[in-house]
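Observations on the three-dimensional arrangement
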Amino acid sequence: MTDFVEYIEASCKGLSEGRLTYLYKRSVLDGMKQRAKELLRTGLTDEKVISDLIINEYGDLKASYDTFVKKQKQKERAHIMKYALPIGGVVALLLIFIAYFTVSRFTYAWDKTWLIIVGGIFAMIIFYFSLAIKKLCTMGHIFRTAARVLIAGCVMLLSVFIFLCLLMLLPENTVTWPALPLGVALMLLCDLAFSYATKQKFRTISFFVYMPAVAAMAYIVLAAYGVVSWAGGWPVVLVGLVADLAYIFAVLAYNMKYFVYRQEADE
């Protein structure tokens, strides 16, 4: 026991004194004592031998100090978030309704201020979805499919809110519905970017399917706002097919270059 304490103090000399350092020393000492009990049960009785064996097993304590501190901080953050998220959600809802009633009371625009409630709730959902996405991305490849669904949900919530804002705040005859197909296009592009960033399976198939769909959504939005005509703007849709062909040619060129390189290397 005394050897363990002396070894820990000597090895941790120079570390900043504080709560985490104390917890680290306490954790190491508890581990050493537990290991000593295990060795005693095997039949070893010489305390000096046991002490030397355990000290050799632990090696340089400073090397594992940073890892311990990092894990401890992660545990503490997780403990705080466990209570902060639900409490923060309740507080956020209260603030949203206070803002709604305050703005409505001073502006008397009750027919429009409900957007504050919708926007606030949507923002909360997107925030919680973002936390879930971050967590899912660290849980393994299979869980990233769920993350893609949540990303799509975030984009669609944002596009719906923009649509509602345009509908309620712009003049009555303003065309606002293109915000929805634009949201679909953004959702597909975000999903495609995520699939390539995380190296998802079948991402190439997603590219071939999504690009014509994005081009079709672009055609609808441009035609709705008069940038192109409904009758003559159909070539915009072909942009998606051109992107697919360009992708195919790029892959073929890369593979051909790699094939030629391997042949030269073999020769």
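Being a predicted model, the structure only gives us computed values, none of them experimental. (Residues numbered from 1 in each chain as written. Predicted model: local features only at pLDDT ≥ 70, side-chain atom pairs only at ≥ 80, totals over all residues. Heavy atoms only, no water.)

**A look at the nonpolar core**
Operational definition: What we call a nonpolar core is a set of buried Ala, Val, Leu, Ile, Met, Phe, Trp, Tyr and Cys residues that are connected through their side-chain atoms within 4.5 Å. Think of it in three bands: with a 1.4 Å probe and only protein chains considered, a residue is buried below 20% of the maximum accessible area for its type, exposed above 50%, and partly exposed in between. Helix and strand assignments follow DSSP, with helices taken as H or I runs no shorter than four residues and strands as E runs no shorter than two, numbered in order from the N terminus.
Among the nonpolar cores identified, the biggest contains 13 residues, and Phe4, Tyr24, Met32, Ala36, Ile50 and Ile54 are the most heavily contacted of them. It is helix α2 (residues 19–41) that provides the largest number of residues to this core, a total of seven residues.

**Regarding helix α8 (residues 203–224)**
In plain terms, the rule: Helices are assigned an expected span. That span is 1.5 Å times one less than the residue count. One axis fitted to the seven residues ending at a residue, another fitted to the seven starting there: the angle between these axes is the bend at that residue.
With 22 residues, α8 extends 31 Å between its outermost C-alpha atoms, agreeing within 8% with the 32 Å of an ideal straight helix rising 1.5 Å per residue. Along α8, the sharpest kink reaches roughly 25 degrees, centred on Tyr210 and followed within four residues by the proline Pro212. Within α8, the full set of buried residues consists of Ser206, Phe207, Tyr210, Met211, Val214, Ala215, Met217, Tyr219, Val221, Ala223 and Ala224. Looking one or two residues past α8, Gly226 carries a phi angle of roughly 80 degrees, positive in sign.

**What about the side chain of Thr198?**
Test applied: Whenever a nitrogen or oxygen atom comes within 3.5 Å of another N or O atom, the pair is scored as a polar contact, on the condition that within protein one atom can donate a hydrogen and the other can accept it, and that pairs from neighbouring residues in sequence are kept only if both atoms are in side chains. What makes two residues a contact is simply this: any of their non-hydrogen atoms within 4.5 Å.
Inspection of the secondary structure assignment puts Thr198 in the loop between α7 (179–197) and α8. Engagement of the side chain of Thr198 in a polar contact is seen with the backbone oxygen of Phe194, the distance being 2.7 Å. Contact partners of Thr198, with chain neighbours within four places excluded, come to His141 and Arg144.

**What to know about the pattern of salt bridges**
Rule in force here: Whenever a carboxyl oxygen of Asp or Glu lies within 4 Å of a side-chain nitrogen of Lys or Arg, that contact is scored as a salt bridge.
A full pass over the atoms with the stated rule returns two salt bridges. A salt bridge links Lys112 to Asp111, with the nearest nitrogen and oxygen atoms 3.3 Å apart. Judged by relative accessible area, Lys112 falls into the partly exposed class, the value being 32%. Take Asp111: its relative accessible area is 45%, and that puts it in the partly exposed class. In this structure, the salt-bridge partner of Asp191 is Arg148, at a minimum N-O distance of 2.8 Å. In this pair, Asp191 sits in helix α7 while Arg148 sits in helix α6 (residues 144–169), placing the two residues 43 residues apart along the sequence. What makes Asp191 buried here is its relative accessible area of 10%.

**Notes on the packing of α7 against α8**
Two numbers describe a pair of packed helices, the interaxial angle and the distance between the axes. Heads up, the rule is: Orientation is described by lines fitted to C-alpha atoms, with helices fitted over the stretch in contact, and by angles between N-to-C directions that extend from 0 to 180 degrees. Oblique is the label for every angle not falling under 35 degrees (roughly parallel), over 145 degrees (roughly antiparallel), or within 65 to 115 degrees (roughly perpendicular). What makes a crossing left-handed is the near helix being turned counterclockwise from the far one by less than a right angle; a clockwise turn instead makes it right-handed. Gly counts as polar in this scheme, as do all residues outside two lists: the nonpolar Ala, Val, Leu, Ile, Met, Phe, Trp, Tyr, Cys and Pro, and the charged Asp, Glu, Lys and Arg.
Packing of α7 against α8 leaves a shortest axis separation of 9 Å and a crossing angle of 160 degrees. Considering the angle they form, α7 stands roughly antiparallel to α8. The two elements α7 and α8 meet at a crossing, and its hand is left-handed. Across the interface between the two elements, Pro181, Leu182, Val184, Ala185, Leu188, Leu189, Asp191, Leu192, Ser195 and Tyr196 from α7 touch Arg203, Thr204, Ser206, Phe207, Tyr210, Met211, Ala213, Val214, Met217, Ile220 and Val221 from α8. Considering only residue class, the contact of α7 with α8 consists of 16 nonpolar, three polar and two charged.

**Quick notes on the environment of Phe97**
Residue placement: Phe97 occurs in helix α4 (residues 61–107). Owing to a relative accessible area of 36%, Phe97 belongs among the partly exposed residues under this scheme. A C-alpha to C-alpha distance of 9.0 Å links Phe97 and Gly120, two positions 23 residues apart in sequence.

**Quick look at the confidence of the model for the chain**
Our working definition: One number per residue, pLDDT, summarises how confident the predictor is, and it ranges from 0 to 100.
Scored by pLDDT, the chain comes out at a mean of 82, with 86% of its residues at no less than 70. Ranking the helices and strands of the chain by mean pLDDT puts helix α5 (residues 110–137) first, with 91, and helix α1 (residues 2–11) last, with 67.

**Thoughts on unusual backbone geometry**
Here Lys199, not a glycine, exhibits a phi torsion of approximately 55 degrees, which is positive. Residue position: Lys199 is located in the loop between α7 and α8.

**Looking at the packing of aromatic side chains**
For clarity, the threshold we go by: Planes of paired rings set the category: under 30 degrees apart is stacked, over 60 is edge-to-face and the rest tilted, where pairs are Phe, Tyr or Trp rings (Trp by its six-membered ring) whose centres lie within 6.5 Å.
Across all of its chains, the model carries seven aromatic pairs by this definition. Each ring, one from Phe127 and one from Tyr128, has its centre 5.6 Å from the other, and the planes form 65 degrees; the classification is edge-to-face. When the centroid spacing of 5.8 Å and the interplanar angle of 80 degrees are considered together, the rings of Tyr219 and Trp230 count as edge-to-face. Taken as a pair, Tyr219 in helix α8 and Trp230 in the loop between α8 and α9 (235–266) lie far apart in primary sequence, 11 residues in all. A relative accessible area of 14% means that Tyr219 is categorised as buried. Exposure remark for Trp230: the relative accessible area of 48% places this residue in the partly exposed category. An aromatic cluster is present here, built from Tyr100, Phe101 and Trp110 joined pairwise through their rings.

**Regarding the state of the cysteines**
Under the convention used in this document: Note on terminology: disulfide denotes any pair of cysteine sulfur atoms within 2.5 Å.
In this structure the tally under the stated criterion is zero disulfides. Free cysteine: Cys190, not disulfide-bonded; nearest cysteine sulfur from Cys154 at 9.6 Å.

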